[in-house]
Amino acid sequence: MSFVETELADQPESWTRAAALADGLKEELPAPGERTAVVGCGTSYFMARAYAALREGAGLGETDAFAASEFPAGRRYDRIVALTRSGTTTEVLRLLAGVRGSARTTAITADPRTPVRTAADDLIVLDFADERSVVQTRFATSALTLLRAHLGLHTDAAVADARTALAEPLPVGVVDCTQFTFLGRGWTVGLAEEGALKMREAALAWTEAYPAMEYRHGPISITTAGTATWIIGPAPDGLAEQVAATGGLWVAGRLDPLAELVRIQRLALALADLRGLDPDRPRHLTRSVILPSGQTTPPTWPDPSE
C-alpha cells in the first residue's frame, strides 16, 4: 500500500482524536467575537476557507481566509490561525513573522520540531495525523475536525460517515469519466476545491471546482457523456436534473461533507492506479514548499504601534 492510501484509511481514528482535543484548546483557538483570519497554502488554504465559512456562519465573529502569500498587509485581526502540516512552508513562516505583535497567532501543525514552533504565539500539534505522503489527506481533515469541534459542529456521525466512505464502493461509472467538476455551498466550497486538488495531484485528472450556484453560469457547458459532476452537501433545486439532461454523470453527496471528501480522495487513488501513477510521488510536487531567500517579496506590514 502507498503511504497516502494508509493515511487516508486512518482518518476516522484521527478525527476522533482531533475532536477530543478541542475542549482543552479554548485559549489557543479564536474566542467568540474575535476578528479572525485563517491562512494556509494549497490544501491548508482550502481547509482555511471551509473553517472561515463555518465560523462566520455560526455567528461567532468575522472570519476571513487567505492563501498565506495573499494576506492583506493593511488589515487588522484579533487572531490569525495558520494551518501548516510541515511547519516549514515559506509563505506561512514569513506571514507569522510579519504580524508578530499585531495579532495573536496560532499555528496548527503536525511537526512541533519545525520552525513554526517559535513563529507563532500558540502551537497546536496533531502529530498523530502527520503524514509521509506528499498528498495530504488525514492531517488536513483532522485539523478541520478539530476546528469544527471547537465550534460545536462536530458529531460522531461524521466519523461514522467516514467509515462508510471508506467501505462502500465508489459511485458506479465514476472511474470511467475523463473530466470531474466538484461543487459545494457555503463551507463545502472549500472542500470541493480540495477534492479537485486531490484529483490533480494524485491522478493528473482534469478537474474543476465551483460554488454550486455558479455552475449554471458557464461551467455546465463542458458537461456531457463521460464527465462527472459531484456535489458535496445539499444540491440546489433542479441541478441534478440539468446535469442528467446533458448526459453527464451526477454524483450526489449524501454523507457528512468531510466524509464525502474521503470518497473523493479514494477516487483520486483509484484513478492513479488505473493510470499507472504513484500517488506518493506526484509530478513536480514536494511535501513542503521552501523557497530560497529572494524568491518572494515580503509584504510591507503595518507598524503594530500605529
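Residues numbered from 1 in each chain as written. Predicted model: local features only at pLDDT ≥ 70, side-chain atom pairs only at ≥ 80, totals over all residues. Heavy atoms only, no water.

Chemist: How do you make sense of the packing of aromatic side chains when you look at a structure like this?
Modeler: Considering all chains together, one arrives at 5 aromatic pairs under this definition. Look at F66 and F71: their rings are 5.5 Å apart centre to centre, the planes differ by 80°, and that puts the pair in the edge-to-face class. Each member of the pair, F66 as well as F71, is classed as buried. With a centroid separation of 5.8 Å and 50° between ring planes, the pair formed by F71 and Y77 is classed as tilted. Each member of the pair, F71 as well as Y77, is classed as buried. (Phe/Tyr/Trp six-rings, centres within 6.5 Å; stacked < 30°, edge-to-face > 60°. Buried < 20%, exposed > 50% of the residue type's maximum accessible area, 1.4 Å probe, protein only.)

Chemist: Is there a simple way to explain the sheet that holds strand β8 (residues 227-231) in this structure?
Modeler: Whether parallel or antiparallel, the strands of a sheet pair through hydrogen bonds between backbone atoms. With parallel pairing, 4 strands are arranged side by side in an open sheet as β7-β6-β8-β9. This sheet does not close on itself; its edge strands, each paired only once, are β7 (206-211) and β9 (249-251). In this sheet, adjacent strand axes meet at a mean angle of 20° when their direction is disregarded. Pairing of strand β6 (residues 179-184) with β7, which is carried by 6 bridges, proceeds in the parallel orientation. Along β7, the bridge assignment pairs F180 with T207. Here helix α9 (residues 239-246) sits on the sheet and contacts β6, β8 and β9; the angle it forms with β9, its principal contact strand, is near 155°. (Pairing = 2+ DSSP bridges. Helix = DSSP H or I, 4+ residues; strand = E, 2+ residues; numbered from the N terminus. Axes fitted to C-alpha atoms, helices over the stretch in contact; angles between N-to-C directions. Contact = heavy atoms within 4.5 Å.)

Chemist: So what exactly am I meant to see when it comes to the pattern of salt bridges here?
Modeler: When charged atoms on two side chains of opposite charge get close, those side chains can pair. Under the defined criterion, the tally for this structure stands at 17 salt bridges. Across the pair E13 and R163 runs a salt bridge whose closest N-O atoms are separated by 2.9 Å. Here the residue E13 occupies a position in helix α2 (residues 11-21), and R163 occupies one in helix α7 (residues 156-167), the gap between them amounting to 150 residues. Judged by its relative accessible area of 37%, E13 is partly exposed. Given the relative accessible area of 41%, R163 is considered partly exposed. Within the structure, one salt-bridge network assembled from shared partners comprises E34, R79, R104 and D122. (Salt bridge = Lys/Arg side-chain N within 4 Å of Asp/Glu carboxyl O.)

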